[in-house]
Amino acid sequence: MRLLSDNFRSVKPVKSRTSKSSAAHNSASSSRTSPPKSISNSRSWCVYLLLSTNSPIKTYVGVTTNFTRRLKQHNGELKGGARASRAGRPWVCASIIRGFIDRSQAFAFESKWKFWSRKLPRKRANNGTKEQSLKCPDLLLLHRQTALDRVKASLDCSNLEIEWKIHPS
């Protein structure tokens, strides 16, 4: 509980009551405001790869604890989708990776996957033009899979379950 004196120096702090009942009341109310650690840590984090179904074909990598809700947000069915994913609507799930210990591990994995996706050279379609590459979902998925292989080589992924919904050919 914040006091006015915390924000404004001119307001003098109110002296706390010393009765046992008020101390018990304060400790009970403070324990109700903060959730138990087991609840906040029980969320299971996942990293996902989305594939757009409109031209130009794109991919998007993200992190969430509720993939169903997050996909609806990306597709504009619910409020709150990422701005970067608006142009590719509608999106479908290409891959989902589960089993992260905590938020930090999931975000580190996502960051590495994006890093390797940017760093690795992109494969071109048969005629070698960038426009043709953007129309070929297989090339984009293969590129993301190659980047994912680099991530798996650099991090301990033994506790992760990687599921491809759309298999790169």
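See the structure above.
Since this is a predicted model, take the numbers as computed values, not measurements.

Enquirer: Any details on the pattern of salt bridges? Residues and values, ideally.
Expert: Following the criterion strictly, the structure yields four salt bridges and no others. Residues Glu163 and Lys165 are paired through a salt bridge, measuring 3.1 Å at the closest nitrogen-oxygen approach. Using a relative accessible area of 27% as the deciding quantity, one classes Glu163 as partly exposed. Residues joined by salt bridges that share partners form a network here, namely Arg98, Glu163 and Lys165.

Enquirer: So what's going on with the sheet that holds strand S3 (residues 91-100)? Residues and values would help.
Expert: What the four strands build is an open sheet, ordered S2-S1-S3-S4; its pairing is antiparallel. Of all strands in the sheet, those with a lone pairing partner are strand S2 (59-64) and strand S4 (161-164), marking the two edges. Here the average twist between neighbouring strands, direction ignored, is 15°. Where strand S1 (residues 45-52) lies against S2, six bridges are found, and the strand directions are antiparallel. By the bridge assignment for S2, Tyr48 is matched with Gly62. Contacts from helix H4 (residues 67-74) reach S1, S2 and S3 within the one sheet, and its direction differs from that of S1 by about 35°. Seen against the sheet, helix H5 (residues 103-119) touches S1, S2 and S3 and runs at an angle of roughly 30° to S1.

Enquirer: An account of helix H7 (residues 137-154) is requested, with residue identities and associated values reported.
Expert: Taking 1.5 Å of rise per residue, the 18 residues of H7 would be expected to cover 26 Å, and the 26 Å separating its terminal C-alpha atoms lies within 8% of that figure. Taken residue by residue, H7 has Leu139, Leu140, Leu141, His143, Arg144, Ala147, Leu148 and Val151 as its buried positions.

Enquirer: Explain unusual backbone geometry residue by residue, including any values.
Expert: A cis amide bond links Ser55 to the next residue, Pro56, at an omega of -5°. Among the structural elements, Pro56 can be located in the loop between S1 and S2. Of note, the amide linkage connecting Arg89 to Pro90 takes the cis form, showing an omega dihedral of -10°. One can find Pro90 in the loop between H4 and S3.

Enquirer: Go over the layout of surface pockets with me, naming the residues and quoting the values.
Expert: A volume near 180 Å³ is recorded for the second largest pocket. Along its surface, the second largest pocket is lined by 10 residues, and Lys58, Thr59, Arg122, Leu140 and Arg144 are the ones closest to its centre.

Enquirer: Provide a residue-level description of the environment of Ile96, including the pertinent values.
Expert: Tracing the backbone through its elements, the reader meets Ile96 in strand S3. Residues contacting Ile96, with those up to four places away along its chain left out, are Cys46, Val47, Tyr48, Phe67, Glu161, Ile162, Glu163 and Lys165.

Rules of the game
Residues numbered from 1 in each chain as written. Predicted model: local features only at pLDDT ≥ 70, side-chain atom pairs only at ≥ 80, totals over all residues. Heavy atoms only, no water. Salt bridge = Lys/Arg side-chain N within 4 Å of Asp/Glu carboxyl O. Buried < 20%, exposed > 50% of the residue type's maximum accessible area, 1.4 Å probe, protein only. Pairing = 2+ DSSP bridges. Helix = DSSP H or I, 4+ residues; strand = E, 2+ residues; numbered from the N terminus. Axes fitted to C-alpha atoms, helices over the stretch in contact; angles between N-to-C directions. Contact = heavy atoms within 4.5 Å. Expected span 1.5 Å × (residues − 1). 1 Å grid on protein atoms, 1.4 Å probe; cavity = no way out; pocket = protein on both sides within 12 Å on 5 of 7 lines; lining within 4 Å. Points joined across faces, edges and corners; volume = space filled by probe spheres on them.

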